[in-house]
Amino acid sequence: MIRTPLCELAGIRVPIFQGGMAHVSDGKLAAAVSEAGGLGIISAMNFGGTKLREQIREARSLTANPIGVNIMLQAPTAADSAAICAEEKVEIVTTGAGNPAAFMPLWLEAGIKIIPVVASAALARMMERAGASAVIAEGGESGGHIGEAATMPLVPQVVDAVKIPVIAAGGIADGRGLAAALMLGAVGIQMGTRFLTAKECGVPAHYKELILKATDTSTIVTGRRLGHTVRSLKTPYSRHYAQVEYTDISDEELEALGVGSLRRAAIDGDEKGGCYLAGQIAGLVKAEQTAAEIIEDVMRGAEAALSSAAGYLR
Ligand code: TUI
């Protein structure tokens, strides 16, 4: 059995967070992960206002375990979502794509634990000073919006920079990844891509098929020119974006290419026009399983990896 300080901190059985994925992570998926012993996280990006509240309440009706909400700070609904999290008293808020300092007093006042995603040691230090309970150090192997550093160099440098616990994310989808994260000094992991193919995850079948067919070289990074760097699967949409990104196309035209593309993938299943976000580890994901099966597989795999590595000690 593996227990880490993250289990105490987050009130969970196993040190695994399900990443809040825009247009993907709803109350049903989050509840399934929390019920299985990890931390399920609803993405506020999908639902401003009343809808977010409904998703939180739906998750609450499906599990008595703690749940989280992820707020994408660049979303126009971020302030609204921040207030709803405080009113609904979700146990944990995670944030992405920016600095959540402005919202932190509100959440601390409501007794919510704040666990920001950081892509640098500098932001991790700032978050510790502002009252974060832990940070998620996310490397650029992740799907979606990414920073510059990769997980292997980022995690130990963030661990050394702060006293609060660090959760590793980016490029992790099995027990070997969890074991490796613990070796880097992390107290747990966050996985997105692996949970995209969970049975309880409601994305269109085409999205899951793309993940299940992916290999180690199936993702591409686009959007650097406009400062919205994202990793997604190589599809007609992302290949086209990459092809035109550094031509004489205007910023406005490039921006227009991106608008609605995440929704088209995750909600509409638009095979040609959708931007199918996924991490580099997609090639490792080979089966559609329940959230509980995924969590058990990762935990058994990590136990085996740690025992086997301990056998090298003399
Ligand atoms: O946020 C994510 N991943 C995401 S958000 C998203 S939605 C989206 N919509 C339209 C365009 C682009 C994305 C899809 N995937 N991950 C967490 C994350 N946060 N990764 C990197 C960061 C990050 C980067 C810089 C966090 C803080 C940061 O600091 C900047 C600052 O202001 O200090």
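The full set close to the ligand counts 16 residues, and Ala-97, Val-117, Glu-138, Gly-144 and His-145 are the nearest of them. Between a nitrogen atom of the ligand and a side-chain N or O atom of Glu-138, the distance comes to 2.9 Å. Between the ligand and the protein, one listed contact pairs a nitrogen atom with a backbone N or O atom of His-145 at 2.9 Å. When the ligand is considered free in solution it has 720 Å² of accessible area, and contact with the protein chains removes 72% of it. The residue makeup of the shell around the ligand, split by class, is nine nonpolar, six polar and one charged. Both of domain 1 (5–196 + 286–301) and domain 2 (219–277) provide at least three residues apiece to the shell around the ligand.

What follows deals with the sheet that holds strand E4 (residues 92–96). Strands belonging to one sheet form pairs held by backbone hydrogen bonds; the direction of such a pair is parallel or antiparallel. Sheet architecture is open: eight strands sit in the order E1-E9-E8-E6-E5-E4-E3-E2, paired in parallel fashion. The open sheet terminates on both sides in strands that have one partner only, identified here as strand E1 (16–18) and strand E2 (40–43). Averaged over neighbouring strand pairs, the angle between their axes works out to 25° when direction is ignored. Taken together, the five bridges between strand E3 (residues 67–72) and E4 define a ladder with parallel strand orientation. Residue pairing in the sheet places Asn-70 in a bridge with Thr-94 of E4. Against the sheet, helix H3 (residues 49–62) makes contact with E2 and E3, and its axis sits at roughly 155° relative to E3, the strand it touches most. Helix-sheet contacts for helix H6 (residues 121–130) involve strand E5 (113–118) and strand E6 (135–138), and the interaxial angle to E5 is about 165°.

So, on to the pairing of E4. Of all five residues in E4, five are buried, a share of seventy percent or more. Alternating residues of E4 divide into Ile-92, Thr-94 and Gly-96 and Val-93 and Thr-95, and every residue in both groups is buried. As a crossover connection, the stretch from E3 through helix H4 (residues 78–88) into E4 is right-handed. When E4 meets E5, the two strands line up parallel, connected through four bridges. By the bridge assignment, Ile-92 is partnered in E5 with Lys-113. Read from E4 through helix H5 (residues 104–109) to E5, the crossover connection turns out right-handed.

This next bit is on unusual backbone geometry. Excluding glycine, residues mostly have negative phi values, and the peptide bonds linking residues are mostly trans. With a phi close to 50°, Lys-89 is a non-glycine residue in the positive phi region. Take Lys-89: it is sitting in the loop between H4 and E4. For Lys-89, a relative accessible area of 51% corresponds to the exposed category. Backbone geometry places Ala-97, a non-glycine residue, at a positive phi of 65°.

The grouping of Asp-248, Glu-252, Glu-253 and Glu-255 at the surface amounts to a negative patch. Mapped onto the elements of the fold, Asp-248 is located in the loop between helix H11 (236–245) and helix H12 (251–258). Judged by its relative accessible area of 79%, Asp-248 falls in the exposed class.

Before going further, it helps to spend a moment on helix H8 (residues 175–183). Listed as buried for H8 are Gly-175, Gly-177, Leu-178, Ala-179, Ala-181 and Leu-182. On its buried face, H8 sits against strand E8 (166–169), strand E9 (188–191) and helix H14 (291–310). Downstream of H8 by a residue or two, Gly-185 has a phi angle that is positive, lying close to 105°.

Here the focus is the sheet that holds strand E7 (residues 144–145). In space, the three strands of this open sheet follow the order E7-E11-E10, with antiparallel pairing throughout. This sheet does not close on itself; its edge strands, each paired only once, are E7 and strand E10 (219–222). Along the sheet, H11 contacts E10 and strand E11 (230–233); its crossing angle with E10, the most-contacted strand, is approximately 40°.

By the assigned domains, the chain splits into domain 1 (5–196 + 286–301) and domain 2 (219–277). The distance between the C-alpha centroids of domain 1 and domain 2 comes to 25 Å. Of the residues lining the interface, 12 residues belong to domain 1; the matching set on domain 2 comes to 12 residues. Carbon and sulfur atoms make up 56% of the area that domain 1 and domain 2 hide from each other, which totals about 890 Å². Of all residues in domain 1, His-23, Gly-144 and Ile-146 give up the largest surface area on contact with domain 2, accounting jointly for 50% of the area buried on that side. In this structure, Glu-148 engages Arg-224 in a salt bridge whose closest nitrogen and oxygen atoms are separated by 3.6 Å. A per-class count over the side of domain 1 that touches domain 2 returns three nonpolar, seven polar and two charged.

What counts and how
Residues numbered from 1 in each chain as written. Predicted model: local features only at pLDDT ≥ 70, side-chain atom pairs only at ≥ 80, totals over all residues. Heavy atoms only, no water. Near = heavy atom within 4 Å. Polar contact = N/O pair within 3.5 Å; in protein donor to acceptor, adjacent residues only side chain to side chain. Areas by Shrake-Rupley, 256 points an atom, 1.4 Å probe, with all protein chains shown as cover. Nonpolar A, V, L, I, M, F, W, Y, C, P; charged D, E, K, R; others polar. Domains from an automatic or database assignment. Pairing = 2+ DSSP bridges. Helix = DSSP H or I, 4+ residues; strand = E, 2+ residues; numbered from the N terminus. Axes fitted to C-alpha atoms, helices over the stretch in contact; angles between N-to-C directions. Contact = heavy atoms within 4.5 Å. Buried < 20%, exposed > 50% of the residue type's maximum accessible area, 1.4 Å probe, protein only. Right-handed = clockwise from strand over helix to strand, strands pointing away. Patch = residues over 30% accessible without salt bridge, like charges linked within 9 Å, V, L, I, M, F, W, Y side chains within 5 Å. Salt bridge = Lys/Arg side-chain N within 4 Å of Asp/Glu carboxyl O. Lys, Arg positive; Asp, Glu negative; His and termini not counted. Charge placed at Lys NZ, Arg CZ, Asp CG, Glu CD. Buried area = accessible area lost by both parts, 1.4 Å probe.

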